Amino acid sequence: MLFVAFMLLLSTINATARAQVRLNMDVKDVTLQEVFQEITKLTGYEFVYSSNELRGTERVSLKAENMELSDVLTACLQKTHLWFLVEEEIIVISPKLSNPTRQQQPQRGTFITGKVVSVDGKPLSGATVQVKGTILGAISDIEGKFRISTPAEGVQEILITFVGMKSRTLQLTDRPASGEWLIVLEEDFLHLDDVIVTGFRDIPKHELTGSVKRLEAEEIMQGAKFSIDQMLAGQVAGMSVIMTSGEPSSTPKIRIRGTSSILGNKSPLWVVDNIIMSDPTTAQSLAQIDNIDLNGDDAAYLIGNAIAGINPQDIESINVLKDAAATSLYGIQAANGVIVVTTKKGHVGKAEIRYSANVTLSRRESYKQRYLMNAAERIQLSQEIMEDAIPYGRFPVGLGYEGLYMQYQNKEITYDEFMTDLDKMAERNTDWYDLLFRNPVSHNHTVSISGGNEQTRYYASLGYTNSQGTAITSESQRYNATMNLDSWLRSNLNMNLKLLGSTTRNNGFNGINPSDKARTTSRTIPAYNDDGSLYYYATNYETLTIDPATEPLVINYLNELQETGQEASIMNVNAALSLRWEMISGLRYEMIAGFVENRNTVQAWASDHSFSVATIRGYNFGAREPFSEDESASALPYGGTFSNSERRETSYSLQNKLTYTKTVNEDHLFSIMGTSSIRSVVSKGFSNNAYGWRGDRGQLISPQVSVSNYTKLTSLLSPIIVDNTKNTVSWLGSASYSYKDKLVFYGDIRADGSNQFGDNPRYRFLPVWALSGKYTLSNEKFLKENQLFSYLALRGSYGFQGNVDQNTSPDLVAQLKAYSANKHFDMSSIYMLPNPDLRWEKTESYTVGLDFVLGHGRVSGAIETYKKYGTDMILRSQLPQYNGVEFTKINGGKMTNTGIDVDIAGYPIRTKDWEMGISLVLGHNKNVITKANSLIEGSNQKNRNANQVNGNAIIVGQAYGTIWSFRFAGLDHDTGLPLFYENGEKSVYLNNGALSDAS
């Protein structure tokens, strides 16, 4: 304490002599870091400290009127284990020394001078140099230099410390002959200031026991990318990011350490500022239950995923949670991994207005990037096939070399004409990539404002993005608005309000994928005739025509892109309100309420000049005479098609969390957390197809219906109503213990309940839990002076996770058919058998990881190996024919994922002025799926009866599109009508919809 008092006195004298710095401040219940920021704003003095040293310190309330700087700092630090030094305009905050020895006459000793630098030779300004056991000390200046007096006798060591660096102890007897010390400090990788945000808790990086990769948004920002998920490719070991299309709104296929489900969703869970985001591409009705992988080249690429509407410029950081220890707190939703997005917040200080913009010109795809044959090579291949008498897998279409050769063999052309046309074909060498693609231009603009004071901070932004796709018909536009308000309502009560909104319009193709056509179409086929008109060619003689012998259906890709199209409009609103109450020292209560609404409308059209409409019509446009027999029999004799799909998904969530943290003797840190949460996701939507569309007549729809085509036309109509509610309630607990930064242990447990499971209480709730630990070897004495490892830590985790296939129901599901005019009620059929014992999909996960830093920070990274073993995977199981239903859903599959992740970064060249870095990110995953190889045995009588319902009953209940879900109880022996459970009793639905007792 004497040393501290003396150094405070020296600091006060120095500060007064220089500038007599005095402050006027009024802060209430703020953190030390916020106090330091305010002092910097008022004085210009810079602080040097470690964020880890501020952990656990009490919040500060202080009113200073014309108070000296040193008095302000003393008041702020009086209840902490910290002290300060002021040198020039630098304030160093460090832990107090224990048991210093007072030296009565320090001036009688000698002076030590020197310079403190980093490993790469950079001067360290603000390093603390202390004579061990005394009150003598100094701070290095802007050039890293220091000057300190030593006592005449007694003390033989000096201690040099700097924030983020390993401390060094030097013997005075080792003083160099020149008298000038050059002290090199190594980076202390144990106390990195990075904080890993998991959504439930913020963990200092050196305490992290799970497998998490943190990315700063500004480090991966790419102007040509439309959303942040597209920028994650190649950034995280063990995470696969595959672009399914070159379109700007394309949704990448993201897989973290393989897959954890066979029929269910395989994409990771997205969390934005502690609010779970629903993926609109997985909000499908049960009618689409067999669409196993929705992130492909379909309409989903126009809608995007859960975070497609967020402006990347508003994102601060991304944390990818990969193993059970990191994801267990998210329970059933986290089996595929979790990606946590943190948006930007305001800062203390004057308002700052920023504008950022970029314009990106990209290159289209080309044949130079692919190993594909040109026209001459394709002709040579055909010639070799014929010369070697290799049989064709299918009858060749009359195109290219084969078509020309067939004309010659049929004596339709002479040999000279054959050779002339062959040379022309080779020279033509059609460049489909040039015709169907372009060099796209993208630009985005963001205006933001941020600022605030100790009580209230704010951040707001507006953004606009326009991104062209490489395909000539694709384009995306997005408007964003963001607001983040953080305020201390009382000295111990904090409120945070976040609003994110976006509206997006995506234009794309319909029925034709330009990338696929350019890649697979022979370059011998022309796009234009010699006179400049479009060249149409037949695609298949056997299946796409009424009369294959006389008139094949023909297509031209340029015409198809012109006559078809698709447009999606997406609106997203995300609101979150959180309250944080510091009840007493170490005890905190938090409440987070979230609201997310997604609305999307997808419209697709095709004119009567398109190939896709020709396949419905049965012949090419204009190929039949008006009022002819073929026209009358056609399903679509006039006009094109227009489809419209509208979907709204609304989610509500409420989370309550209580956390208690306690430090014992500065070596033991305990923390416990209890949380309860509820979440409801309501999906509603409608889609329908219209026939007879005429866009050239002001969006007129007038289908031509006749006696001949009535049946064909009505069979094309397939309206779908989506009405679905998914509820989840959860309880979770977490506990952690840390000892001297050497040993860290975490334990998490969570229980989830959902309305998507069977009636059996044994399977209604599933506990999800994880255990993990970390041992920092480099903090042990036997590795302290190791020259190879600057940081070395071993960690491991084991966890048990669960998952639910969102498109599976435990109840019997019936599908309504067309209305019967004869029987006057809707026909129906059994879509899925009931399974009251339907259980969660379960996954056990093991991870072992090694974190290291070599050569004073030249090389750093992590190597992890893992194994995930899944059981009770939900499968489609085929049924015996006497059941009358082709399949049902059962827990009958097993899955194993094993792999290794490697993430290494190195700096082979690092000098005082610049450095060159390289990184290696790779992952290997092996996925093995074992399915049940036998049919369901022993189907009971109730199931057999259930499948005898073939449309002989009207079904009254809650609609699920054209799907109805109810509890089936067999058939009534007298009437043959199906029985249902109603309030625990068996009831029958009569044709008039009334209930009658049939117990």
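Note that the coordinates shown come from a computational prediction; the quantities given were computed from them, not determined experimentally. (Residues numbered from 1 in each chain as written. Predicted model: local features only at pLDDT ≥ 70, side-chain atom pairs only at ≥ 80, totals over all residues. Heavy atoms only, no water.)

**Q** How should I be thinking about the environment of Y330 in this particular structure?
**A** Mapped onto the secondary structure, Y330 falls in the loop between α7 (324–327) and β21 (338–343). Given a relative accessible area of 2%, Y330 falls into the buried group. On a C-alpha basis, the gap between Y330 and I276 in space is 9.3 Å, while along the polypeptide they are 54 residues apart. (Helix = DSSP H or I, 4+ residues; strand = E, 2+ residues; numbered from the N terminus. Buried < 20%, exposed > 50% of the residue type's maximum accessible area, 1.4 Å probe, protein only.)

**Q** Can you walk me through the packing of helix α8 (residues 375–387) against helix α10 (residues 415–428) in this structure?
**A** A packed helix pair is summarised by two numbers, namely the angle formed by the two axes and the spacing between the axes. Contact pair α8 / α10: the axes reach a minimum separation of 7 Å and the direction vectors enclose 135°. Taken as axis vectors, α8 and α10 run oblique relative to one another. For the pair α8 and α10, contact is made by A375, I379 and Q383 and by L422, M425 and A426, respectively. Looking at the contact of α8 with α10 residue by residue, the class counts come to 5 nonpolar, 1 polar and no charged. (Axes fitted to C-alpha atoms, helices over the stretch in contact; angles between N-to-C directions. Parallel < 35°, antiparallel > 145°, perpendicular 65-115°, else oblique. Contact = heavy atoms within 4.5 Å. Nonpolar A, V, L, I, M, F, W, Y, C, P; charged D, E, K, R; others polar.)

**Q** Would you explain the sheet that holds strand β6 (residues 111–118) in this entry?
**A** Sheet strands pair by backbone hydrogen bonding; their relative direction is either parallel or antiparallel. In spatial order, the strands read β9-β6-β12; together these 3 strands make up an open sheet with mixed pairing. Here the strands that pair on one side only, and so sit at the sheet edges, are β9 (145–149) and β12 (180–185). On average, each strand axis in the sheet is tilted by 30° relative to the strand beside it, whichever way the strands run. Note that β6 and β9 share 5 bridges and pair antiparallel. (Pairing = 2+ DSSP bridges.)

**Q** Is there a simple way to think about the sheet that holds strand β11 (residues 168–171) in this case?
**A** Pairing is antiparallel across the open sheet formed by 4 strands, whose spatial order is β8-β7-β10-β11. For this open sheet the edge positions go to β8 (137–139) and β11, each flanked by a neighbour on one side alone. Taken pair by pair, the neighbouring strands of this sheet meet at an average axis angle of 20°, ignoring direction.

**Q** Explain a nonpolar patch on the surface to me, please; I cannot follow it from the model alone.
**A** A cluster of nonpolar side chains, namely I353, Y355, V447 and I449, defines an oily patch on the protein surface of about 410 Å² accessible area. Of all the secondary-structure elements, those providing two or more residues to the nonpolar patch are β22 (349–361) and β23 (441–452). (Patch = residues over 30% accessible without salt bridge, like charges linked within 9 Å, V, L, I, M, F, W, Y side chains within 5 Å. Areas by Shrake-Rupley, 256 points an atom, 1.4 Å probe, with all protein chains shown as cover. Salt bridge = Lys/Arg side-chain N within 4 Å of Asp/Glu carboxyl O.)

**Q** Any chance you could explain helix α4 (residues 69–77) here in plain terms?
**A** Residues spaced three or four apart along an α-helix face the same direction, because each turn holds 3.6 residues. Within the sequence span of α4, burial applies to L69, S70, V72, L73, C76 and L77. One side of α4 carries all its buried residues, which in axial view fall inside an arc of 160°. (Arc of directions from axis to C-beta.)

**Q** Hey, could you run me through the pattern of salt bridges in this one?
**A** If the charged atoms of two oppositely charged side chains come close together, the side chains can form a pair. Under the counting rule described, the total for this entry stands at 25 salt bridges. For K213, the salt bridge identified is with D903, shortest N-O distance 2.9 Å. Remark: D903 occurs in strand β42 (residues 887–910) and K213 occurs in strand β15 (residues 212–216); sequence separation between them is 690 residues. By relative accessible area, which is 23% here, K213 ends up partly exposed. On the accessibility criterion, D903 (16% relative accessible area) is buried. One salt bridge in this structure joins K742 and E780, with 3.5 Å as the shortest N-O distance. In this pair, K742 is assigned in the loop between β34 (720–739) and β35 (743–754) and E780 in the loop between β36 (765–776) and α17 (781–784), connecting sequence segments 38 residues apart. Taken together, the salt bridges that share partners define one network made up of R257, K322, R795, D851, E864 and D901.

**Q** In this structure, what is going on with the pairing of strand β26 (residues 493–508)? I would like to understand it.
**A** Examined bridge by bridge, strand β25 (residues 475–490) and β26 share 15 bridges and lie antiparallel to one another. Directly across from R478, in β26, lies its bridge partner T504. The turn linking β25 back onto β26 is made up of 2 residues.

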